[in-house]
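Survey of secondary and tertiary structure
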Amino acid sequence: MRRNARRMRRYGVQPIGSITDDFDFAPVIIVAIGRALWRYRSELAPVTLATLCLLGGWILHQAYPTWWPAILATTALVALLLALWGRWVNLTRPIERGYAAAATAFAGVWLAAGTALGPFSRPLPIALGVGGVLLAVPWWAHRRRRARVHVERTLAAWPDIAEAVALAGSRVQSAVVDVWGYRFRLALGRGQTVEDAIAKVPALESALSAKRGAVRVQPVPTRQANRADVRVIETDPHADAIAWPGPSITSITQPVKLGLFEDGTPVRVLLLRRHALFGGIAGAGKSGGMNVLLGELTACPDVIIWGIDLKGGMELMPWASCLDRLATTPQEAESLLADAVVILDGRADHLARLGERVWTPTPQAPLLVIVVDEYAELVDDAPNAIRHADSIARRGRAPGVELIAVTQRPSQKAMGKGAVRSQMDVRLSYRVRDPRDVDLILGQGMLKAGWHAHRLDAPGKFFVSAPEHDTPRRGRTYLLDDACVQATAERHALNRPQLDPVSATALEDASEAAEAAEAHSQDVRAPSPRHARTGGPGDAEEALQRALRDAPPEGLSVPALMEVTGMSRPWVYWRLNQLDTEGSLRQVSRGRWRTAEVNSS
């Protein structure tokens, strides 16, 4: 009685039917059997197919016994089409296409034999039974089929689920099962929005019997406002780290591949004429994302990279052979950013004289990308450099000078109270501790729109906001270990470009102007060197040849040659590679060189 009372309070008074002695059970039994057959139609598919083959063979044998050659020809054609082009009917894996072709061939050959001989002629019934059981086992064991059945039965109860999660009136339009789970298109009820569905994510996880944090809700691009895509992750594709497959681009004009989304598609972002911001707490994977970005950019011969790392070079020093300049102190950082502004002004003047609006990157006129690790440290330790960074953020995109900032919490104070944060077109948010930091990194209102970076649960997972990525999709960046970083830097160091003549001339003119001002006024402090190359290319070439010719028997190292020539590491590697190709240079041991004539004598 208490159980009935609880049911009445929960569901209201239910109708009660009485059964008399003359009640006819036949319709009830038929309906129950029909519902059971329909519910388990996927599991009974092999039995249904065998029954249809048996019935079809009997009909064809009675009416058209001479049609068996046409049945064999049609079977061969259909089996061939399934084996070769089965992916067009959602048979994505080769083993699935092979199974479909084998099942089709068996059914067609048996049907042709049943048409010619009769379906009950021995041994056709035995062959149908044995073959049907053998072909039914893979069907019953197939993971995606079982997952599709589970999804269909779950979504069949959507009206009750919608009532439970306060989305009454919504309906499921379509569903797709993939490797990691399933997704379905949801048509929301009148007056409901995608934001309402996003707010109901915890309730959806409970109603769909999903794992905690396994449901994603996002708007449908280019569709009505009352449509949403709901994705349920049953097997997390980001559970383990993803090894970096190598550079995916050969030019900065191509989109950079930073990682993979949860559906296996690559995270591609175009960085041409865009500033970028990486944000997240310590240990969230920002350094890993920066390593992936540097691995991609150093493979491009139309990009020069400058770096600022005020942690003594802990993060950027492994890439030093690929960086044209690296600042590890506040004074060097201020000088580097000042030089970047000089280059920006020089390129802007050059474009104005040519009547052009943007700088087109080429190996002869490369783009300049400045990577700043822990930007907040730059604000604290080198406040005079912030006005240069602010100028680059506001004016640098058209002349080909870009800024990439990496920081933990990019508040207005941490970014220098300038225009740097507002000018960042590409933003990556790794895990944050405070939900309010989502809006701080990605922009105002992003937390409410479903960009829940505070729920990311592993290093390397991130959300990306860019003009081509305007929906909240979780990604995970690739992993580069120390050995991979070292090998990549050594490989890419031989193909780094030189600063273009326009930028080099602008730096030289600025240096001469500073020297002239110092000569006229003793009160002006001597400027720090504005360029890593103190001498001209001709002097450096002569110094390199002389050093290699007079080298001791054990040869000279690359740092020693950099000190002698006054040139950067990429330039030294580039010239050594050229001399080695010409045959006038020999590598005595690892990292030590001398001329071939001296080595052979």
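Basis of the calculations
Residues numbered from 1 in each chain as written. Predicted model: local features only at pLDDT ≥ 70, side-chain atom pairs only at ≥ 80, totals over all residues. Heavy atoms only, no water. Helix = DSSP H or I, 4+ residues; strand = E, 2+ residues; numbered from the N terminus. Buried < 20%, exposed > 50% of the residue type's maximum accessible area, 1.4 Å probe, protein only. Contact = heavy atoms within 4.5 Å. Areas by Shrake-Rupley, 256 points an atom, 1.4 Å probe, with all protein chains shown as cover. Phe/Tyr/Trp six-rings, centres within 6.5 Å; stacked < 30°, edge-to-face > 60°. Polar contact = N/O pair within 3.5 Å; in protein donor to acceptor, adjacent residues only side chain to side chain. Pairing = 2+ DSSP bridges.

Side note on the overall build of the chain
- For the chain, the count of helices and strands is 21 helices and 18 strands.
- Put simply, the chain has 601 residues, and 45% of those count as buried.
- For the chain, the share of sequence-separated contacts (at least 6 apart) that also reach a separation of at least 24 residues comes to 66%.
- Summing over all exposed atoms, the chain offers an accessible surface of approximately 31300 Å²; the carbon and sulfur share of this is 57%.

What to know about the environment of V371
- If you trace the backbone, V371 turns up in strand 11 (residues 367-373).
- Using a relative accessible area of 1% as the deciding quantity, one classes V371 as buried.
- Aside from chain neighbours lying at most four places away, what touches V371 is M290, L294, I305, W306, G307, I308, L316 and I404.

Here's the deal with the packing of aromatic side chains
- On inspection of all chains with the given rule, the structure shows six aromatic pairs.
- Centroid distance Y182 to F184: 6.4 Å. Interplanar angle 20°. Geometry classified as stacked.
- Residues Y430 and F462 carry aromatic rings whose centres are separated by 5.5 Å and whose planes lie at 45° to one another, so their mutual orientation is tilted. Of this pair, Y430 sits in the loop between strand 13 (424-429) and helix 15 (436-442) while F462 sits in strand 14 (residues 461-465), placing them 32 residues apart in sequence. The pair Y430 / F462 is uniform in exposure class, with both members buried.

Digging into the side chain of H469
- You can see H469 is positioned in the loop between strand 14 and strand 15 (474-479).
- By relative accessible area, H469 is classed as buried at 12%.
- A polar side-chain atom of H469 sits 2.7 Å from the main-chain carbonyl oxygen of R268.
- Setting aside anything within four residues of it in sequence, one finds H469 in contact with F261, R268, V269, W451 and V464.

Considering helix 14 (residues 386-395)
- In terms of burial, helix 14 is a largely internal element, seven of the ten residues being buried.
- Listed in full, the buried residues belonging to helix 14 are I386, H388, A389, D390, S391, I392 and A393.
- In this fold, the buried residues of helix 14 make contact with strand 8 (275-279), helix 12 (330-354), strand 11, helix 13 (375-381) and strand 12 (401-407).

Concerning the pairing of strand 8
- Counting buried positions over the five residues of strand 8 gives five, a clear majority of the element.
- The alternating pattern of strand 8 places H275, L277 and G279 and A276 and F278 on opposite faces, both of which are buried.
- Where strand 8 meets strand 13, five bridges bridge the pair, whose relative direction is parallel. Across the sheet, residue G279 finds its bridge partner in strand 13, namely S429.
- Where strand 8 meets strand 12, four bridges bridge the pair, whose relative direction is parallel. For G279, the partnering residue across the bridge sits in strand 12 and is T407.

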